[in-house]
Amino acid sequence: MSTQPLLTPFDLAGIELRNRIVLAPMTRSRAGAGNVVTELTATYYAQRASAGLLITEATQVAPEGQGYVATPGIYSPEQEAGWRQVVEAVHAVGGVIYAQLWHVGRVSHTSFQPGGKAPVSASGIGLTGLTWTSEGQVPFSTPRALETDEIRGVVSQYVQGARVALAAGFDGVEIHGANGYLIDQFLRDGTNHRTDAYGGSIPNRLRFLLEVVDGVTRVFPASRVGVRLSPGGAFNEMADSDPDALFGAAAEALSIRNLGYLHVIDPAASPKRFTPLLRARFKGAYIVNGGFDAETGNAAIASGEADLVAYGVPFLANPDLPRRFAEGAPLNAPDFATFYTGGEKGYTDYPALP
Ligand SMILES: Cc1cc2nc3c(=O)[nH]c(=O)nc-3n(C[C@H](O)[C@H](O)[C@H](O)COP(=O)(O)O)c2cc1C
């Protein structure tokens, strides 16, 4: 049998990836005290290091960026030390690992916020429904709109996160612009009702993302920075009046900045695919994600739709996913109940093939 396209190497900004399978970023809520990752997390990522590229779970760039229990941070010296042991464990087995930089914006609760203050967002538009805190399920807290002169400070939190990532030894960083978190709240007009230079027109709504990109690419070379977007995603009550125009313009602006990759959640089975539009607008590497399996992933590479395919749930449950694809072996079933619970169960105890 000829080699599967997914199993061929790829040159990502001068890093030789051993295959085109990417571990999608996945929050696992296993950080310890001080939002520091532990040795268990190093084991989890090292188990999955046979991917071409690992992207860490989302990691908040500042205390204000947290919205879930036990998510890791990337701003303190202790967090840097925690991440260093993860990076070293992955590098020791020949893996490549990027950190995902995150700020949840409005997807939070006052109990996560320093001083119990309101979470921040592009506009003061709250989420309906409930969220989990250490005290159980509670309504989301209504956010307050960032003042124009505060935005520079939030941008510098992402830059600081990149500095910590560099110091911890990460090969690169992915800026989380997807899934309804802070950057996405600025991008889409369902959540951005601002009337200053950060709201209204598409160039204005792109401004926050691009300032973050421009800051982070002063820490890592642009070729080592990726951005994740979810143009069709409604998660976290997101909507935009013209996603083709918005995300097409985003892809172009990121292309001009010579970013290493664009990572797009664009489910294989979605009736409306954004990949043809975005791939054509972005000249760097293109990662597609969302419900792919071995067959559809191989087809995406073979057709030129994408350079790399990211796998979330299948990789969570199968630490040796590339080998299973290579051998056509059956996959372990994911245990949804342990996705976000602490400890080893459902984290580091999924079996690899013998
Ligand atoms: C447990 C879990 C945690 C996730 N956490 C993140 C995250 O931290 N950052 C992110 O960008 N996406 C996150 N996602 C979305 C995944 O990266 C991915 O887009 C999604 O699972 C679809 O891909 P799949 O069908 O291959 O699983 C998460 C998904 C799951 C299942």
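Because the structure is predicted, anything quoted here is derived from the model rather than measured. (Residues numbered from 1 in each chain as written. Predicted model: local features only at pLDDT ≥ 70, side-chain atom pairs only at ≥ 80, totals over all residues. Heavy atoms only, no water.)

A.B. asks: Whenever I open this one, the pattern of salt bridges confuses me. Can you help?
C.D. replies: Where charged atoms from two side chains of opposite charge come close, those side chains can pair. Going through the model one piece at a time under the given rule, you end up with 14 salt bridges. For arginine 188, the salt bridge goes to aspartate 184, with nearest N and O atoms at 2.7 Å. In this pair, the class of arginine 188 matches that of aspartate 184, namely buried. For aspartate 307, the salt bridge identified is with arginine 279, shortest N-O distance 2.8 Å. Note that aspartate 307 is positioned in the loop between helix 8 (294-302) and strand 14 (308-311) and arginine 279 in helix 7 (residues 275-281), a separation of 28 residues in sequence. The class of aspartate 307 is buried, set by a relative accessible area of 13%. Accessibility expressed as a relative area gives 22% for arginine 279, which makes it partly exposed. Where salt bridges share partners, they join Asp189, Arg205 and Asp240 into one cluster. (Salt bridge = Lys/Arg side-chain N within 4 Å of Asp/Glu carboxyl O. Buried < 20%, exposed > 50% of the residue type's maximum accessible area, 1.4 Å probe, protein only. Helix = DSSP H or I, 4+ residues; strand = E, 2+ residues; numbered from the N terminus.)

A.B. asks: I'm lost on helix 3 (residues 151-168) in this one. Help?
C.D. replies: Because the α-helix completes a turn every 3.6 residues, residues three or four places apart line up on one side. Here helix 3 is 18 residues long and its end C-alpha atoms lie 26 Å apart, about the 26 Å a rise of 1.5 Å per residue gives. Residues of helix 3 that are buried include every one of Ile151, Val154, Val155, Tyr158, Val159, Gly161, Ala162, Val164, Ala165 and Ala168, and no others. Close packing links the buried residues of helix 3 with helix 2 (77-92), strand 5 (97-102), strand 10 (172-176), helix 4 (182-187) and helix 5 (202-216). Phi turns positive one or two residues past the end of helix 3, at glycine 169, with a value near 100°. (Expected span 1.5 Å × (residues − 1). Contact = heavy atoms within 4.5 Å.)

A.B. asks: Where do I start with the site of the ligand in this structure?
C.D. replies: Contacts to the ligand come from 19 residues, most closely from Pro25, Thr27, Arg228, Asn289 and Gly291. In this structure, an oxygen atom belonging to the ligand sits 2.7 Å away from a main-chain N or O atom of proline 25. At 2.5 Å, a side-chain N or O of asparagine 289 approaches an oxygen atom of the ligand. Protein coverage of the free-state accessible area of the ligand, which is 610 Å², stands at 84%. Comparing atom positions with the cavity grids shows the ligand to sit within the largest pocket. Counted by class, the shell around the ligand contains 10 nonpolar, 8 polar and 1 charged residues. (Near = heavy atom within 4 Å. Polar contact = N/O pair within 3.5 Å; in protein donor to acceptor, adjacent residues only side chain to side chain. Areas by Shrake-Rupley, 256 points an atom, 1.4 Å probe, with all protein chains shown as cover. 1 Å grid on protein atoms, 1.4 Å probe; cavity = no way out; pocket = protein on both sides within 12 Å on 5 of 7 lines; lining within 4 Å. Sits in = over half its atoms within 2 Å of the grid points. Nonpolar A, V, L, I, M, F, W, Y, C, P; charged D, E, K, R; others polar.)

Geometric descriptors of this kind do not, in isolation, establish any biological role.
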